[in-house]
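So you can see what is in the structure, the chains are spelled out below.
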Amino acid sequence: MIIDIIGDIHGYADKLVGLLTQLGYRHNGQYFVPPIGHRALFIGDLIDRGPQQLATLEIVFAMLDADVADAVMGNHEYNALAFATLDPNDSTQYLRSHSDVHKRQHEAFLAEVPFGSDKHQYWLQRFYEIPLWLESDDACFVHACWDVDSMAILQPFLTEDNCLTPQGLIATASEPSVPFDALERVLKGVETPLPEGMAMVDKEGTRRTRVRVRWWLDELNTRTLYEVARAPTSALAQIPSDALAENIDFAIKTHKPVFVGHYWLTGTPEPLSHQVVCTDYSAAIDSGYLTCYQFDTEQPLPLKPSNFLQHRHDKPTDENP
């Protein structure tokens with residue numbers, strides 16, 4: 001079996017159609033049919049940013065409903081649920097605030113799926129059907145980080161299929177809390193504090209005193225903070241070269257290959273380590289490419305750069321869903 005692991009789509013349905021066509025999927029009038037021996041897996045962040053939100057969801061969920069694909073939840077699907085759910089402790093507030101930054105992040109989706117409409121309610125219920133992670137005999141699939149300790153914390157708030165419940169949404173959206181931190185790890189990755197007095201401004205204009213960590217590296221706590229930090233080059237340049245990465249409480253606790261999205265990579269795709277692959281190569285920007293890793297369950301390792309395939313926009317397709 002070949003699992004075609006597809007990175008963050010972010011509402012770019014044209015790129016998705018192009019990639020599926022390159023992979024040999026054919027539309028039968030209802031959904032994209034994979035080549036014999038293939039199955040698709042979407043690694044999360046189906047929505048926000050792009051111009052074709054509904055078309056993207058219709059393509060993906062038609063494949064899920066036909067049982068020719070799987071998916072895991074991204075932080076953007078989670079955020080959509082929290083943005084639309086009132087805080088039971090304060091009926092004037094939502095679990096995710098309606099700040100200008102959060103509205104801007106979500107505006108492409110709400111432009112096509114008006115807030116509070118029947119269409120909005122329908123897609124929110126569909127998002128609840130997407131598991132937070134999947135594990136097979138051969139591999140592990142999660143949006144941002146395979147953290148078994150955080151997953152154990154989240155388990156009481158999930159269904160048997162690792163799907164979030166409405167009660168679980170409330171528990172994991174309550175900050176600060178242990179479930180909140182666990183959800184952040186799984187859907188957003190590992191973070192560590194910046195040196196005292198230092199802050200970075202992210203692409204949304206938010207000031208941050210913590211930085212994402214390249215958790216797939218070995219011996220995190222023996223490396224410099226510059227080496228383990230996952231941030232834009234301009235931000236990395238602000239980190240003192242001698243600052244150590246200390247007290248990062250994380251280790252990969254599986255021997256299986258791990259597949260993630262989330263990290264807005266660029267350049268020529270290659271595995272992050274001997275065990276970890278990211279398929280997010282910034283499809284949500286014009287210069288980025290929707291990317292797939294073709295995972296052969298008969299030969300799971302080694303992970304190979306040659307197993308990546310990217311949709312290049314200069315290759316037009318006449319396939320339409």
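So, here's what we can say about the structure. What you see is a predicted model; the values in this text were computed from it and never measured. (Residues numbered from 1 in each chain as written. Predicted model: local features only at pLDDT ≥ 70, side-chain atom pairs only at ≥ 80, totals over all residues. Heavy atoms only, no water.)

This part is about the overall build of the chain. What the chain contains, in helices and strands, is ten helices and 18 strands. At 19 Å, the chain has a C-alpha radius of gyration in line with the 20 Å of a compact globule built from 321 residues. Projected onto its principal axes, the C-alpha positions of the chain cover 55 × 50 × 40 Å. By residue count, 53% of the 321 residues in the chain fall in the buried class. Considering only contacts within the chain whose residues lie at least 6 apart along the sequence, 65% involve residues at least 24 apart. A total of about 14,900 Å² of accessible surface is found on the chain, and carbon and sulfur atoms cover 48% of it. Positive and negative charge centroids in the chain, built from 24 and 45 side chains respectively, lie 5 Å apart. (Helix = DSSP H or I, 4+ residues; strand = E, 2+ residues; numbered from the N terminus. Rg over C-alpha atoms; globule rule 2.2 N^0.38 Å. Buried < 20%, exposed > 50% of the residue type's maximum accessible area, 1.4 Å probe, protein only. Contact = heavy atoms within 4.5 Å. Areas by Shrake-Rupley, 256 points an atom, 1.4 Å probe, with all protein chains shown as cover. Lys, Arg positive; Asp, Glu negative; His and termini not counted. Charge placed at Lys NZ, Arg CZ, Asp CG, Glu CD.)

Next up on the list: the nonpolar core. Ile6, Phe42, Met63, Phe127, Trp215 and Phe259 are the most contacted members of the largest nonpolar core, which totals 100 residues. A per-element tally of this core places helix α2 (residues 53-65) first, with six residues. Not counting the four nearest positions on each side in its chain, Phe127 is found in contact with Ile47, Leu57, Phe61, Met73, Glu77, Ala80, Leu81 and Phe109. (Core = buried A, V, L, I, M, F, W, Y, C linked by side-chain atoms within 4.5 Å.)

With respect to the helices and strands, Val72 occurs in the loop between β5 (69-71) and α3 (75-83). Owing to a relative accessible area of 1%, Val72 belongs among the buried residues under this scheme. Sequence-distant contacts of Val72, that is, excluding residues within four places in its chain, are made with Phe42, Ile43, Gly44, Ile130, Pro131, Leu132, Trp133, Leu134, Phe141, Val142 and His143.

On to the pairing of strand β13 (residues 210-213), then. Bridging between strand β10 (residues 191-193) and β13 involves three bridges; their strand directions are antiparallel. Of the residues in β13, the one forming a bridge with Pro193 is Arg210. Across two bridges, the pairing between β13 and strand β14 (residues 229-230) is antiparallel. Paired with Val213 across the strands is Ala229, a residue of β14. (Pairing = 2+ DSSP bridges.)

Read from one edge of the open sheet, three strands run β10-β13-β14, paired in antiparallel fashion. Each edge of the open sheet carries a strand with a single partner, namely β10 and β14.

Here the focus is the pattern of salt bridges. Scanning the model with the defined rule gives ten salt bridges in all. Here Arg126 makes a salt bridge to Asp65, at a shortest N to O gap of 2.7 Å. Residue Arg126 is located in helix α5 (residues 118-127), and its partner Asp65 is located in helix α2; the two are separated by 61 residues in the primary sequence. Residue Arg126 is classed as buried on the basis of its relative accessible area, which comes to 10%. Lys253 is paired through a salt bridge with Asp149; the nearest N and O atoms lie 2.8 Å apart. Of this pair, Lys253 sits in the loop between α10 (233-236) and β15 (258-260) while Asp149 sits in helix α6 (residues 148-154), and the two are 104 residues apart along the sequence. (Salt bridge = Lys/Arg side-chain N within 4 Å of Asp/Glu carboxyl O.)

For the rest of this paragraph, the subject is the pairing of strand β1 (residues 2-6). Taking burial as the measure, the five residues of β1 include five buried ones, the bulk of the element. Where burial is concerned, the two faces of β1 agree: the one with Ile2, Asp4 and Ile6 and the one with Ile3 and Ile5 are both buried. Alignment of β1 against strand β17 (residues 291-296), held across five bridges, turns out to be antiparallel. Directly across from Asp4, in β17, lies its bridge partner Gln294.

Taken in spatial order, the four strands of this open sheet run β8-β9-β15-β16, and their pairing is mixed. The open sheet terminates on both sides in strands that have one partner only, identified here as β8 (133-135) and β16 (276-278). Averaged over all adjacent pairs, the angle separating strand axes in this sheet is 15 degrees, with direction ignored. Note: β15 against β16, three bridges, orientation parallel. In the strand pairing of β16, Val258 is matched with Val276. (Axes fitted to C-alpha atoms, helices over the stretch in contact; angles between N-to-C directions.)

Attention now moves to the environment of Gly168. Along the chain, Gly168 falls in helix α7 (residues 166-173). By relative accessible area, Gly168 is classed as buried at 0%. Along the sequence, Gly168 and Pro114 sit 54 residues apart, while their C-alpha atoms lie 25 Å from each other.

Once that is clear, we can look at the layout of surface pockets. In this structure, the second largest pocket encloses a volume near 280 Å³. Taken together, Arg214, Trp216, Arg230, Trp264, Leu265, Thr266, Thr268, Glu270, Pro271, Leu272 and Tyr281 make up the full set of residues lining the second largest pocket. Taken together, the residues of the lining of the second largest pocket break down into six nonpolar, two polar and three charged. (1 Å grid on protein atoms, 1.4 Å probe; cavity = no way out; pocket = protein on both sides within 12 Å on 5 of 7 lines; lining within 4 Å. Points joined across faces, edges and corners; volume = space filled by probe spheres on them. Nonpolar A, V, L, I, M, F, W, Y, C, P; charged D, E, K, R; others polar.)

Looking now at α7. If you check which residues of α7 are buried, you get Gly168, Leu169, Ala171, Thr172 and Ala173. Considering only its buried residues, α7 is in contact with α3, α6 and α8 (178-188).

Scanning all chains against the criterion turns up 13 aromatic pairs. Plain terms: the ring middles of Phe109 and Phe127 are 6.0 Å apart, the flat faces sit at 40 degrees to each other, and that makes the pair tilted. Here Phe109, found in helix α4 (residues 100-112), pairs with Phe127, found in helix α5; they are 18 residues apart in sequence, far enough to count as distant. For Phe109, a relative accessible area of 0% gives the class buried. Taken together, the aromatic side chains of Phe141, Phe259, Tyr281, Tyr293, Phe295 and Phe308 make up a single cluster linked through ring pairs. Lys15 extends its terminal NZ or CZ atom over the ring of Tyr12, reaching a point 4.7 Å from the ring centre. Across the ring face of Tyr289, the terminal group of Arg312 is positioned such that the distance to the ring centre comes to 3.8 Å. (Phe/Tyr/Trp six-rings, centres within 6.5 Å; stacked < 30°, edge-to-face > 60°. Lys NZ or Arg CZ within 6 Å of the ring centre and 35° of its normal.)

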